[in-house]
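# Geometric and topological summary
What follows is the residue order along each chain.
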Amino acid sequence: NSPLPDALNDVTGLIDVVLDPDFATTQRLYMTYQRGTKRANQLRLVSAQLQGDRLGPVTPLFDALPARLGASNFGGRMVFLPDKTLVITVGDGFEGREQAQNRRSHLGKLVRLNRDGTVPADNPFNNAVGRANTLPEIYSLGHRNTQGLALDPATQRLLANEHGAKGGDEINLIEPGRNYGWPLVTFGVDYTGARITPHTELPGLSPPLLHWTPSIAPSALAVYRGNAFKAWEGDLFTSTLVGKALHRVRLDGGRVVQQEKLLTELDTRLRDVKVGPDGLLYLLTDDKNGRLLRVRPGP
């Protein structure tokens with residue numbers, strides 16, 4: 001039986017799955033998916049315990065509000081922070097990009113929750129310690145459609161990539177309480193060619209570490225820490241859809257010092273990238289016969 005009984009076929013469905021930080025003892029995992037219809041849908045977070053080869057009862061923990069129109073710009077990526085709180089990306093919903101600056105909306109935000117779905121007391125906008133008229137789940141705002149989210153295990157820095165519109169794809173260093181500007185600033189334009197804003201930067205808004213124009217459609221993000229590729233230690237890897245490549249990005253602090261496109265010979269859309277416990281890279285292709293690929297050092 002489907003563990004997501006209210007995920008309807010006319011919306012995306014399952015988006016991401018992550019293991020509880022204490023999975024060895026709890027056997028619990030967390031899932032995000034889109035529920036509803038194209039006329040009214042929302043991102044939902046649920047958890048369930050793995051019982052042998054089946055999932056136990058599914059517990060809803062969070063629904064992104066308001067319900068939105070359409071079937072794109074979902075977000076839905078998840079990462080556990082070192083304190084075992086969970087950060088989730090929520091897309092802007094495409095049709096209403098101004099929601100990314102609306103602090104009473106989850107759309108166009110990163111949200112941070114405890115494992116039981118409650119709000120951490122130290123969230124930057126928690127009404128008990130922060131600003132009124134802002135949803136306490138919000139961790140950062142001003143995002144468009146964040147498809148990649150990764151925690152660097154060495155530095156504990158949280159990084160994200162997100163789709164721009166026509167141009168303006170970004171990698172951002174995520175810091176609690178910061179505003180990343182969408183749609184007040186962007187390096188892209190609307191799909192019609194119309195200008196979204198005349199600004200690429202404004203005071204008080206956090207600029208991206210890197211932007212791509214034309215768009216490459218970044219789909220996932222990983223930080224390399226391992227022994228298999230010593231020369232890539234600490235580099236970022238972004239899988240891409242339109243770009244049909246794996247992009248390697250080297251940072252020096254907050255400055256990009258090197259970029260490289262890999263695996264262009266595959267000529268296929270890449271949906272996900274992960275660093276395995278063996279230090280190898282694992283990729284998912286986004287084609288009719290999706291494949292799981294393993295990248296190893298050459299001879």
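Shown above is the structure to which this text applies.
Below: a short report on this structure. (Residues numbered from 1 in each chain as written. Predicted model: local features only at pLDDT ≥ 70, side-chain atom pairs only at ≥ 80, totals over all residues. Heavy atoms only, no water.)

## Some points on the pattern of salt bridges
Here the structure, examined in full by the defined rule, presents 21 salt bridges. The partner of aspartate 16 in a salt bridge is arginine 77, with the nearest N and O atoms 4.0 Å apart. Here aspartate 16, found in strand β1 (residues 14-19), pairs with arginine 77, found in strand β6 (residues 75-80); they are 61 residues apart in sequence, far enough to count as distant. A relative accessible area of 10% means that arginine 77 is categorised as buried. Linked through salt bridges whose partners overlap, the residues forming this network are Asp16, Arg77, Asp272 and Lys274. (Salt bridge = Lys/Arg side-chain N within 4 Å of Asp/Glu carboxyl O. Helix = DSSP H or I, 4+ residues; strand = E, 2+ residues; numbered from the N terminus. Buried < 20%, exposed > 50% of the residue type's maximum accessible area, 1.4 Å probe, protein only.)

## Some thoughts on the side chain of aspartate 152
Within the secondary structure, aspartate 152 is located in the loop between β10 (145-151) and β11 (158-163). A relative accessible area of 3% places aspartate 152 in the buried class. Of the polar contacts made by the side chain of aspartate 152, one reaches the backbone nitrogen of alanine 154; its length is 2.9 Å. When near neighbours in sequence (up to four residues on either side) are disregarded, aspartate 152 contacts Arg157, Val223 and Arg225. (Polar contact = N/O pair within 3.5 Å; in protein donor to acceptor, adjacent residues only side chain to side chain. Contact = heavy atoms within 4.5 Å.)

## Description of the packing of aromatic side chains
Within the structure shown, the criterion is met by 4 aromatic pairs. Between the aromatic rings of tyrosine 224 and phenylalanine 229, the centroid separation amounts to 5.8 Å while the plane-to-plane angle is 75°, which identifies the pairing as edge-to-face. By the burial criterion, tyrosine 224 is buried, and phenylalanine 229 matches it. Linked through ring pairs, Tyr224, Phe229, Trp232 and Phe237 together constitute an aromatic cluster. (Phe/Tyr/Trp six-rings, centres within 6.5 Å; stacked < 30°, edge-to-face > 60°.)

Remember that the coordinates give geometry; whether it matters functionally is a separate question.
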